[in-house]
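Structural overview
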Amino acid sequence: GQQVMQIPQYQHVQEGEDFTTYCNSSTTLSNIQWYKQRPGGHPVFLIQLVKSGEVKKQKRLTFQFGEAKKNSSLHITATQTTDVGTYFCAGDLAGANSKLTFGKGITLSVRP
Amino acid sequence: NAGVMQNPRHLVRRRGQEARLRCSPMKGHSHVYWYRQLPEEGLKFMVYLQKENIIDESGMPKERFSAEFPKEGPSILRIQQVVRGDSAAYFCASSPLSGQEAFFGQGTRLTVV
């Protein structure tokens, strides 16, 4: 079945450093989404990418969808303590009535 | 427009009892997903439903677990004869279309004692 992979599972950075994480799918995706979950909270939708090579920015966050629509990246510029949390990518198989499959997420901690 | 509502937020059950978790999707959303999350783990897909239909239940254990999304009322995830290993956070999400942005509820934290 379709797999969405996020490695590593944890990353620790110093406040002010940049941070990049990747998401890879075993199959082509019709779209990819990113979510953030704060400790003790629930996942919150951040962004959806649909087009091959698409790049979207949200303040210090930059999201990119690969040319082959099988991978994606999230880059955070100058991390802040408010960036702490787990970032999940979720992929949708190309086709109808498909479920969202989540990666295991990467938990980011930021040292002040 | 209220968000996705899940209740109860916390549920304690003794081994062998039944657990019923409810999810009211956002208004206008007919697609509902249930996910399970263990501490410090990712979201494990359980079941995907549209009104009155189960579209994909490949992530749900064959025994003791069932889900429904009736024409009227919330979606229900039912766990019969709970065991300690069922203790987890269960999240429901809804979306207006298949595979589109999902809005999550705050989850039900199930503890089996």
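If you're wondering where the values come from, they're calculated on a predicted model, not measured in any experiment. (Residues numbered from 1 in each chain as written. Chains lettered and ligands numbered in written order. Predicted model: local features only at pLDDT ≥ 70, side-chain atom pairs only at ≥ 80, totals over all residues. Heavy atoms only, no water.)

This part takes up the sheet that holds strand β1 (residues 5-7) of chain B. Residue and element names in this part refer to chain B. Strand order in the open sheet made by the 4 strands is β1-β3-β8-β7, with antiparallel pairing throughout. Only two strands of the sheet have a single neighbouring strand rather than two, namely β1 and β7 (65-68). Put simply, the sheet's adjacent strands are angled 15° from each other on average, direction ignored. The sheet contact formed by β1 and strand β3 (residues 19-24) spans 3 bridges and is antiparallel. Across the sheet, Asn7 pairs through a bridge with Arg22, a residue of β3. (Pairing = 2+ DSSP bridges. Helix = DSSP H or I, 4+ residues; strand = E, 2+ residues; numbered from the N terminus. Axes fitted to C-alpha atoms, helices over the stretch in contact; angles between N-to-C directions.)

Bringing the interface of chain A and chain B into the picture now. Opposite the 21 residues of chain A that make contact, chain B presents 23 residues. Of the roughly 1700 Å² buried between chain A and chain B on both sides combined, carbon and sulfur atoms contribute 51%. At the surface where chain A touches chain B, the tally comes to 0 salt bridges. Summed over the shared surface of chain A and chain B, the result is 5 residue pairs in polar contact (both at pLDDT 80 or more). Taken together, the elements giving at least two residues each to the side of chain A that touches chain B come down to β4 (29-37), β5 (44-49), β9 (85-93) and β10 (100-102) of chain A. Residue classes in the side of chain A that touches chain B are distributed as 8 nonpolar, 10 polar and 3 charged. (Contact = heavy atoms within 4.5 Å. Buried area = accessible area lost by both parts, 1.4 Å probe. Salt bridge = Lys/Arg side-chain N within 4 Å of Asp/Glu carboxyl O. Polar contact = N/O pair within 3.5 Å; in protein donor to acceptor, adjacent residues only side chain to side chain. Nonpolar A, V, L, I, M, F, W, Y, C, P; charged D, E, K, R; others polar.)

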